[in-house]
Amino acid sequence: MTQYQIAVVVGSLRKDSFNRKLANALVKLAPPEFVFRQLQIGDLPLYNQDDDADQAAPVKRLKSEILASQGVLFVTPEYNRSIPGLLKNAIDNASRPYGQSAWAGKPAGVLGISPGAIGTALAQQHLRNVLAYLDMPTMGQTEAFIQNKEGLFDANGELAGDGRKFLQAWIDKYVVWVKKHAA
Ligand SMILES: Cc1cc2nc3c(=O)[nH]c(=O)nc-3n(C[C@H](O)[C@H](O)[C@H](O)COP(=O)(O)O)c2cc1C
């Protein structure tokens, strides 16, 4: 059985992050040949082009984990109608030096959750723009703008109800997408 390693990037460091909760619950809906690993991005330096020739250890670690993956899953909050700086910093760090981006060609899925009704839609659109430049084939449909409503998670933090059905269909499509585009 071919195994698919998926790098999960959560755009929040908050202890009780809804996006991390969503990521943790979502990956449980995937088939066993998909192995998910959350990337640590909170210890990365602020990106500085002067460091390109000698990248810090956390940047090298991040890049090697992405390179070892067959796909990437971004689960992000929306901050001020865009992606959090934390996430952009991780993307920038792993995209350099020029010509040595770790992201290129990795199939991606994008989703996010917020208390508000638009469910990170604007952040996701901004992220899609960045991923297009980075040459990441990004699943267009189904879009997943998730509002954190009562009943989405059960008492154990598992997805429940209609939300679970929707996200099961989403991850099923993502699995097909990764298999199609994995290098
Ligand atoms: C700096 C900041 C900016 C925010 N901007 C938005 C926003 O533009 N749209 C939105 O729906 N929620 C916004 N929020 C609320 C977040 O959706 C909410 O804090 C969410 O819980 C963050 O995700 P997390 O739980 O994974 O940390 C913002 C929160 C912060 C801290």
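For the structure, see preceding data.
Residues numbered from 1 in each chain as written. Predicted model: local features only at pLDDT ≥ 70, side-chain atom pairs only at ≥ 80, totals over all residues. Heavy atoms only, no water.

A.B. asks: Any details on the layout of surface pockets? Residues and values, ideally.
C.D. replies: Estimates place the volume of the largest pocket at around 280 Å³. Lining the largest pocket are 14 residues; nearest its centre among them are Ser95, Arg96, Ser101, Tyr133 and Leu134. Elements with a minimum of two residues in the lining of the largest pocket: α3 (85-94) and α4 (121-133). Top contributing element to the lining of the largest pocket by residue count: α3, with three residues. For the lining of the largest pocket, the class distribution of residues is seven nonpolar, three polar and four charged. A volume near 190 Å³ is recorded for the second largest pocket. Together, 13 residues line the second largest pocket, and Ile146, Gln147, Leu152, Asp162 and Gly163 are the ones closest to its centre. Its residues assigned to classes, the lining of the second largest pocket comprises six nonpolar, three polar and four charged. (1 Å grid on protein atoms, 1.4 Å probe; cavity = no way out; pocket = protein on both sides within 12 Å on 5 of 7 lines; lining within 4 Å. Points joined across faces, edges and corners; volume = space filled by probe spheres on them. Helix = DSSP H or I, 4+ residues; strand = E, 2+ residues; numbered from the N terminus. Nonpolar A, V, L, I, M, F, W, Y, C, P; charged D, E, K, R; others polar.)

A.B. asks: I'd love a proper account of the nonpolar core, names of residues and values included.
C.D. replies: The biggest cluster of nonpolar side chains holds 28 residues, and the ones touching the most others in it are Leu22, Phe36, Leu73, Leu111, Leu167, Trp170 and Tyr174. When residues of this core are traced back to their parent elements, those giving at least two are β1 (4-10), α1 (18-27), β2 (34-38), β3 (71-75), β4 (108-114) and α5 (161-181). Among the elements that line this core, the one with the most residues is α5, at six residues. Leave out the neighbours within four places in its chain, and leucine 22 touches Val75, Leu111, Gly112, Ile113, Ile146, Phe153, Leu159 and Leu167. (Core = buried A, V, L, I, M, F, W, Y, C linked by side-chain atoms within 4.5 Å. Buried < 20%, exposed > 50% of the residue type's maximum accessible area, 1.4 Å probe, protein only. Contact = heavy atoms within 4.5 Å.)

A.B. asks: So what's going on with α3? Residues and values would help.
C.D. replies: Within α3, seven of the 10 residues are buried, which leaves the element mostly enclosed by the surrounding structure. Within α3 the residues assigned to the buried category are Leu86, Leu87, Asn89, Ala90, Ile91, Asn93 and Ala94. On the buried face of α3, the contacting elements are β1, α2 (57-67), β3 and α4.

A.B. asks: Lay out the site of the ligand with the relevant residues and their values.
C.D. replies: Within the structure, the ligand sits among Ser12, Arg14, Ser17, Phe18, Asn19, Pro77, Glu78, Tyr79, Asn80, Arg81, Ser114 and Pro115. About the coverage of the ligand: the protein hides 71% of its 620 Å² of free accessible area. Classifying every residue of the shell around the ligand gives four nonpolar, five polar and three charged. (Near = heavy atom within 4 Å. Areas by Shrake-Rupley, 256 points an atom, 1.4 Å probe, with all protein chains shown as cover.)

A.B. asks: Any details on the environment of threonine 138? Residues and values, ideally.
C.D. replies: Turning to its location among the elements, threonine 138 is positioned in the loop between α4 and β5 (145-147). Of the residues examined, threonine 138 reaches a relative accessible area of 18% and is grouped as buried. Distance from threonine 138 to histidine 181, taken between C-alpha atoms, is 9.6 Å for residues 43 residues apart in sequence. Excluding its chain neighbours within four sequence positions, the residues that come into contact with threonine 138 are Ala108, Val110, Arg128, Leu131 and Trp177. A polar contact of 2.9 Å, which involves the side chain of threonine 138, links it to the backbone oxygen of methionine 136. (Polar contact = N/O pair within 3.5 Å; in protein donor to acceptor, adjacent residues only side chain to side chain.)

A.B. asks: Give me the pattern of salt bridges: which residues, what numbers.
C.D. replies: The final tally for this structure, using the stated rule, is eight salt bridges. Salt-bridge contacts for aspartate 43 lead to arginine 61; the nearest nitrogen and oxygen are separated by 2.8 Å. Linking aspartate 43 in the loop between β2 and α2 with arginine 61 in helix α2, this pair joins segments that are 18 residues apart in sequence. Classification of aspartate 43 by relative accessible area gives partly exposed; the value is 31%. What makes arginine 61 partly exposed here is its relative accessible area of 24%. (Salt bridge = Lys/Arg side-chain N within 4 Å of Asp/Glu carboxyl O.)

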